[in-house]
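Observations on the three-dimensional arrangement
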Amino acid sequence: MPISTFVGLQTSLRGLLAHQQAIDTTSHNVANANTDGYSRQEAVMDPTEAFQVTTGTGNVGHLGTGVTVEGYRRIRDSFLDLQYRAQAMQVGDQETRSTQLDQVELALSEPGDNGIASQLAQFWNGWADLSNSPDDVAARQALIEQAKNVAASFKTVDTQLTTVKSQATAEYTALTGPGGDVESIANEIAKLNGAIKQFKANGDSPNDLMDRRDNLLDKLSNLAQVSVTDLGNGSIDVAFGDAATPLVSDTTVTWPQTLTAPGGKLGALIDIAKTGGTIDSYRADLDNVVKTLADAVNVLHNPGGTGTNFFNYTAGSEAATLSVAVTTATVRTSTSGAAGANDIALAITGLRGGTPDKLYTGFVTRIGGDLKNAQRGESNANVLLNSIQDRRQSTSGVSMDEEMTNLVRFQRGYQASARTMSTMDQMLDTLINRTGIVGL
Amino acid sequence: MSTRITGSMISRSVLNDLNEVSQRLSRTQQRMSSGKQITRPSDDPYGTSRALSLRTDIAGTQQYQRNVGEATAWQSVTDSALSKITEAVQRARDLAVQGASDSAGQAARNAAASEIDQLIESVKQEANASYGGHYVFSGTATSTAPYAVGGADSYLGDSAAVAREIGPGVSVQVNVVGSSLLGNGQAAADGKLLNVLRDISAHLKSGTVADANTLRTTDLKSLDTNLDAISQARATVGATTNRLESADSRLQEVEESLTKLLSDVEDADMAKTYTDFSMQQSVYQSALRAGSNIVQQSLLDFLR
């Protein structure tokens, strides 16, 4: 088959166009180098269909006709996305725990002179001072004030625990409620599903929309466990935590749903605030400390249970209800009631460093240990998340050096295509304007 | 496949490292300014529990030292009262010996008897010694004077022990019960000090030969027995004072060593903290410098 004289022009033009598009893609990458969740793109160049030409020897040869950009490829490793999301869930979980426990720990103000441990020591000292002058009204008053301080300190810590619990509940409600993060992310994913599906049906690859959707899934995975099912047509199903129905199924959103142990930030919030959860068990520990203290003092202050108790409390909410039940007149320092007798005061002083003090120390150690674990878990999860993020960036991130190299490469390609076109032009000029004019 | 290094990777890792170094720096700074190794339970949960129980122990030890001070003061009040009583009894003994001598006339005996009556009142006065508003010889009835000066000789307190706690589970009796030395007077006929002194006074006043004999024999003997009892009580008080003194110095040592233990657990090692700080600071600075160099450079700087 003979070929047109002008094929070369067309081939050069294709080269110019393809390089133009490659440079456009490079410039898109550079522009989005700092865009969150962006994956670098690549113009996929492919040779166009060759002409079959008969060569001089009668064989058929393939004459190349140039290049075309077949599509724009998004460079991303979906396996790394899975790892990233699993780790983001861990980070969400540990981070939330350490933030919440941090508040609990602050409320303790231990170790220090304002903590309950110091208040208890002062309380025992109050009894010792009273044992030195059992009929001294000032010593009695001092003891009662100190006992009230102890009760108030316990109440403050208990209130702070309740506050942390209700804050966690409020945060959970804000995240999962109407207009909360879960719902708005789910709605956006459903919308993107619809758009991506449509483009895919037209044979298009909507890279930037897919990046946007992946970014939303990353955010969602911080809140709870996320698992994604590819529906094959560009759309996805998203299962969320332990919700019964997928959160997003193609373009349908099912929310709100009940979660019990979804993992991630929501899982941690549930764990902390639920009935019998972390805060409740701290409060039970604290109640036990208060109950032990009050009972130990009362049984010595009121042997046989016929007289006045020193402390009053409501069973089940000991820390919140602890109060001092005696006045300066009714504090008992001795069984005999003699002015100088102090057997009861001495016995109560003897409780110093005993079970109530030990239980309280255990309570503080438990919270400190839990927080330390959460902090360690948080920093571990962050290190892992960072390393996965690095690997992801290594695949999908924009490298300026690479883009600049590509820019030079494509610019040179463009220049060379232009040069072949002008060479072609000169040849045609020779052919058209300078041929057959011999002798003119 | 070799790893591609992208701009955002570099800037993120530089940022992460800077964050980590500055976090460490701020913790060290906190340690330096507070002087504490443990400022919150999560810094060291086990150390915190040690610190809390050590603090309780220290507060207790300080309280025991206060109690020892109280008990010592109580002992010294008791001892000085007993010493005054001893003096009075010795004077009464001299008077009795003089009065019992046959050469003494009835007038001199009467004078001796009335001086002894005065001595009885002063003995009761001494027995009413108090410390901090508490009568030390009344047993636990510390708000009641043990004897009525100018009144009957009967003991008004009780015979219970007054104890002070001077260590964990260690208490010591600080009082001497007045009635064990002074008794309840003539009416009770208990042979105690007041009874004997009243007898001597009566025997001096009556002036019969039989009474003079009783004075010489039984009364002086009883008086010596009581004097011995008082000396013995003073010896007990002295021994208790010694015990309290040694307890005090032991408690001081315990407090010192507990404070040192607490400091080991809770306080920052300043030399180490300063070294850490300057090391971390230089790490931070070099990280900043390296970061500024790396982040700026790219192929862009070399393409013209």
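Fair warning: this is a prediction, and the values are worked out from it, not measured in the lab.

Rules used throughout
- Residues numbered from 1 in each chain as written.
- Chains lettered and ligands numbered in written order.
- Predicted model: local features only at pLDDT ≥ 70, side-chain atom pairs only at ≥ 80, totals over all residues.
- Heavy atoms only, no water.
- Helix = DSSP H or I, 4+ residues; strand = E, 2+ residues; numbered from the N terminus.
- Buried < 20%, exposed > 50% of the residue type's maximum accessible area, 1.4 Å probe, protein only.
- Contact = heavy atoms within 4.5 Å.
- Areas by Shrake-Rupley, 256 points an atom, 1.4 Å probe, with all protein chains shown as cover.
- Pairing = 2+ DSSP bridges.
- Polar contact = N/O pair within 3.5 Å; in protein donor to acceptor, adjacent residues only side chain to side chain.
- 1 Å grid on protein atoms, 1.4 Å probe; cavity = no way out; pocket = protein on both sides within 12 Å on 5 of 7 lines; lining within 4 Å.
- Points joined across faces, edges and corners; volume = space filled by probe spheres on them.
- Nonpolar A, V, L, I, M, F, W, Y, C, P; charged D, E, K, R; others polar.
- Salt bridge = Lys/Arg side-chain N within 4 Å of Asp/Glu carboxyl O.
- Lys, Arg positive; Asp, Glu negative; His and termini not counted.
- pLDDT = per-residue confidence, 0-100.
- Expected span 1.5 Å × (residues − 1).

Remarks on the overall build of chain B
When helices and strands are tallied, chain B shows 7 helices and 4 strands. Listed N to C, the secondary structure of chain B is α-α-α-β-β-β-β-α-α-α-α in terms of helices and strands. Its C-alpha atoms give chain B principal-axis dimensions of roughly 140 × 30 × 30 Å. Here chain B holds 304 residues, and 43% of them are scored as buried. Residue pairs in contact within chain B that sit at least 24 positions apart in sequence constitute 67% of those at least 6 positions apart. Carbon and sulfur atoms provide 52% of the accessible area of chain B, an area that totals close to 14900 Å².

Notes on the pairing of strand 4 (residues 170-173) of chain B
Regular strands place their side chains on alternate faces of the sheet. Residues and elements named next belong to chain B. Pairing between strand 3 (residues 163-167) and strand 4: 4 bridges, direction antiparallel. The residue of strand 4 that forms the bridge with glutamate 165 is serine 171. Counting the residues in the hairpin turn of strand 3 and strand 4 gives 2 residues, including glycine 169, whose phi is positive at 75°.

Section: the side chain of serine 49 of chain B
In this structure, serine 49 of chain B sits in helix 2 (residues 45-100). Among the residues examined, serine 49 of chain B registers a relative accessible area of 16% and is labelled buried. Polar contacts involving the side chain of serine 49 of chain B include one to the main-chain carbonyl oxygen of tyrosine 46 of chain B, which spans 2.9 Å. Those residues in contact with serine 49 of chain B that lie beyond four places of it in its chain are Thr361 and Thr365 of chain A.

Thoughts on the layout of surface pockets
Its boundaries defined by the atoms lining it, the largest pocket holds a volume of some 1000 Å³. Looking at the lining of the largest pocket, the elements with two or more residues in it are helix 2 (78-108) and helix 11 (355-396) of chain A together with helix 1 (7-34) of chain B. The residue makeup of the lining of the largest pocket, split by class, is 2 nonpolar, 14 polar and 11 charged. In this structure, the second largest pocket encloses a volume near 530 Å³. Contributing to the lining of the second largest pocket are 24 residues, with Asp36, Tyr84, Gln389 and Gln393 of chain A together with Arg12 of chain B lying nearest its centre.

Observations regarding empty space enclosed by the protein
Residue and element names in this part refer to chain B. One pass over the structure, following the stated rule, counts 1 cavity of 30 Å³ or more. Of the voids in this model, the largest cavity is the one considered here, and its volume is about 50 Å³. Every residue along the wall of the largest cavity is listed here: Arg27, Gln30, Arg31, Lys36, Gln37, Thr39 and Asp43. Looking at the lining of the largest cavity residue by residue, the class counts come to no nonpolar, 3 polar and 4 charged.

Quick look at the interface of chain A and chain B
Counting from both sides, the interface comprises 53 residues of chain A and, opposite them, 44 residues of chain B. On the surface where chain A and chain B come into contact, there are 6 salt bridges. Note that arginine 40 of chain B and aspartate 102 of chain A form a salt bridge whose closest N and O atoms lie 3.0 Å from each other. Remark: the boundary between chain A and chain B carries 20 residue pairs in polar contact (both at pLDDT 80 or more). Looking at the side of chain A that touches chain B, the elements with two or more residues in it are helix 2, helix 3 (116-132), helix 10 (343-349), helix 11 and helix 12 (400-434) of chain A. With 17 residues, helix 11 of chain A is the largest single contributor of residues to the side of chain A that touches chain B. Split by residue class, the side of chain A that touches chain B holds 15 nonpolar, 25 polar and 13 charged.

A closer look at unusual backbone geometry
Peptide bonds are trans in most cases, and residues, glycine excluded, mostly fall at negative phi. In this structure, the amide linkage connecting glutamate 110 of chain A to the following residue, proline 111 of chain A, adopts the cis form with an omega of -15°. As for its placement among the helices and strands, proline 111 of chain A is situated in the loop between helix 2 and helix 3. Note that the residue after tryptophan 255 of chain A, namely proline 256 of chain A, is joined by a cis bond; omega there is 10°. Position of proline 256 of chain A among the secondary structure elements: in the loop between strand 8 (252-253) and helix 7 (264-273). A positive phi angle is found at aspartate 250 of chain A, which is not glycine, with a value near 55°. Looking at the element boundaries, aspartate 250 of chain A is found in the loop between strand 7 (248-249) and strand 8. The backbone of alanine 189 of chain B sits at a positive phi, close to 50°, despite the residue not being glycine. Mapping alanine 189 of chain B onto the fold places it in the loop between helix 4 (178-182) and helix 5 (193-206).

Focus: the side chain of glutamate 403 of chain A
Relative to the helices and strands, glutamate 403 of chain A resides in helix 12. Although buried, glutamate 403 of chain A forms no salt bridge, and the nearest oppositely charged side chain, arginine 4 of chain B, lies 5.2 Å from it. A polar side-chain atom of glutamate 403 of chain A sits 3.4 Å from a polar atom in the side chain of asparagine 29 of chain A. When residues no more than four places from it in sequence are discounted, the contact partners of glutamate 403 of chain A are Thr26, Asn29, Val30 and Val398 of chain A.

Digging into the confidence of the model for chain B
Of all residues in chain B, 98% have pLDDT values of 70 or greater, and the mean over the chain is 89. For this predicted complex, the interface score ipTM comes out at 0.84, while the overall pTM is 0.84.

So, the sheet that holds strand 7 of chain A
All names here are of chain A. The strand order across the open sheet formed by 4 strands is 5-6-7-8, and the pairing between neighbours is antiparallel. Since the sheet does not close on itself, it has two edges, and those belong to strand 5 (226-230) and strand 8, each with one partner. Inspection of the sheet shows strand 7 paired to strand 8 by 2 bridges, in the antiparallel sense. Of the residues in strand 8, the one forming a bridge with valine 248 is valine 253.

Overview of helix 5 of chain B
All names here are of chain B. With 14 residues, helix 5 ought to run about 20 Å at 1.5 Å a step, and its terminal C-alpha atoms sit 20 Å apart, in line with that. Burial analysis of helix 5 places 10 of its 14 residues in the buried class, which makes it a mostly covered element. Along helix 5, the positions that sit buried rather than exposed are Leu193, Leu194, Asn195, Val196, Leu197, Arg198, Ile200, Ser201, His203 and Leu204. A positive phi of about 75° marks glycine 207, the residue just after helix 5.

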